Amino acid sequence: MDINQENFLSELRQKNPLAIEFIVHQYGHLMKKVIRQYLYDSREAFEECFNDVLLAVWNNPDRFDDKKSEFKNWLCAIAKYRAIDTLRREQKRRERFVSLESEVDLDHWEQLSVSNDHANDWEMGMDEAGEELKKLLSCLSEEDKDLFFRRYVKEQPVDEISKEKNMKRSLIYARISRGKKKMKRHMKCQMGGAAE
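To start, this report covers the structure provided alongside it. All values reported here derive from a predicted model rather than from experimental measurement. (Residues numbered from 1 in each chain as written. Predicted model: local features only at pLDDT ≥ 70, side-chain atom pairs only at ≥ 80, totals over all residues. Heavy atoms only, no water.)

### Looking at the overall build of the protein chain
Check the secondary structure of the protein chain and you find 10 helices and zero strands. In the protein chain, the succession of α and β elements from N to C terminus is α-α-α-α-α-α-α-α-α-α. Residues classed as buried in the protein chain amount to 38% of the 196 residues present. (Helix = DSSP H or I, 4+ residues; strand = E, 2+ residues; numbered from the N terminus. Buried < 20%, exposed > 50% of the residue type's maximum accessible area, 1.4 Å probe, protein only.)

Following this line, the structure appears as structure tokens:
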């Protein structure tokens, strides 16, 4: 049977999959335009929302009342509210990720520190600090690993590190700051999310 403007609603109500194809062909551009207003920065969320709209139309064709509005207006309303729901869900997901990231923030070095009695050299300190510390530091250069080890595991003051390594304090702070950013990006990748 040929699906057209006159019969696609009745075919949709009878669960004919060709009716959905007709809707995508006839109104897909309009749906995408509405959804893109809200989900312009996430292709994955955009596609998920588009599919959710089609599923809502498929599951609820009887909710459309042609006496109250045109089909395209009803479809746009569904697209708009699904896009808003998807946007909220994405924001919550991001907030959870940021919350998780701050829980695992790099300021938790105190929990990973080892006693100064056993932290005389890098290898012994790394053995004591464990796998978590090794994973965190794996993305850093040997020089930066040493700075982090001295500052956070041995809890050396920056002035002391500066004297021992013959480095300016500002350089130590800059390298630690860059190292923290690098580790955060590394942690995001390890947790399954691409660095944004």
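### Here we look at the nonpolar core
Residues Phe8, Ile23, Ile35, Val53, Val57, Phe71 and Leu75 are the most contacted members of the largest nonpolar core, which totals 28 residues. Sorting the residues of this core by element identifies helix H1 (8-13), helix H2 (17-36), helix H3 (43-59) and helix H4 (71-103) as the ones contributing at least two each. Ranked by the residues each element gives to this core, the list is headed by H2, at eight residues. Among all residues touching Ile23, those that are not within four sequence positions of it are Phe8, Leu12, Gly28, Met31, Leu54, Val57, Phe71 and Leu75. Within the second largest apolar cluster, 14 residues are counted, among which are Leu140, Val158, Ile161 and Ile172. (Core = buried A, V, L, I, M, F, W, Y, C linked by side-chain atoms within 4.5 Å. Contact = heavy atoms within 4.5 Å.)

### As for the packing of H2 against H3
At a minimum axis distance of 10 Å, the contact between H2 and H3 shows a crossing angle of 135°. Looking at the two axes, H2 sits oblique to H3. Handedness of the H2/H3 crossing: right-handed. Along its contact with H2, which presents Pro17, Ile20, Ile23, Val24, Gly28, Met31, Lys32, Ile35 and Arg36, the element H3 presents Phe46, Cys49, Phe50, Val53, Leu54, Val57 and Trp58. Of the residues belonging to the contact of H2 with H3, the class tally is 13 nonpolar, one polar and two charged. (Axes fitted to C-alpha atoms, helices over the stretch in contact; angles between N-to-C directions. Parallel < 35°, antiparallel > 145°, perpendicular 65-115°, else oblique. Left-handed = near helix turned anticlockwise from the far one by under 90°. Nonpolar A, V, L, I, M, F, W, Y, C, P; charged D, E, K, R; others polar.)

### Digging into the packing of aromatic side chains
Scanning all chains against the criterion turns up seven aromatic pairs. When the centroid spacing of 5.5 Å and the interplanar angle of 80° are considered together, the rings of Phe64 and Phe71 count as edge-to-face. Look at Phe71 and you get buried, because its relative accessible area is 6%. Pairing Phe71 with Trp74 gives two aromatic rings, centres 5.6 Å apart and planes at 50°, and the pair type is tilted. Residue Phe71 and its partner Trp74 are both found in helix H4; the two are separated by three residues, about one turn of the helix. A single burial state applies to Phe71 and to Trp74, both of which are buried. Put simply, the rings of Phe8, Phe22, Tyr27, Phe64, Phe71 and Trp74 pair up and form one aromatic cluster. The cationic tip of Lys15 hangs over the ring face of Trp58; the distance from NZ or CZ to the ring centre is 5.1 Å. Geometry around Phe50 places Lys32 over its ring, the cationic atom sitting 5.6 Å from the centre. (Phe/Tyr/Trp six-rings, centres within 6.5 Å; stacked < 30°, edge-to-face > 60°. Lys NZ or Arg CZ within 6 Å of the ring centre and 35° of its normal.)

### Structural notes on H3
Spanning 17 residues, H3 covers 24 Å between terminal C-alpha atoms, matching the ideal 24 Å at 1.5 Å per step. When we look at burial in H3, the residues that qualify are Ala45, Phe46, Cys49, Phe50, Val53, Leu54, Ala56 and Val57. (Expected span 1.5 Å × (residues − 1).)

### Considerations on the environment of Met31
Here Met31 is to be found in helix H2. For Met31, a relative accessible area of 1% puts it in the buried group. Sequence separation of Met31 and Cys49 is 18 residues, and the distance between their C-alpha atoms is 9.9 Å. Excluding anything up to four places from it in sequence, Met31 contacts Ile23, Phe50, Val53, Leu54, Leu75 and Ala79.

### Section: H2
With 20 residues, H2 extends only 25 Å from end C-alpha to end C-alpha; this falls clearly short of the ideal 28 Å at 1.5 Å per step. Of all the bends in H2, the greatest measures close to 70° and is centred on Tyr27. By the N-cap criterion, in which a side-chain oxygen at the helix start approaches the backbone nitrogen of a residue two or three places on, H2 is capped by Asn16, the distance to Leu18 being 2.9 Å. (Bend = angle between axes of the 7 residues up to and from the residue. Polar contact = N/O pair within 3.5 Å; in protein donor to acceptor, adjacent residues only side chain to side chain.)

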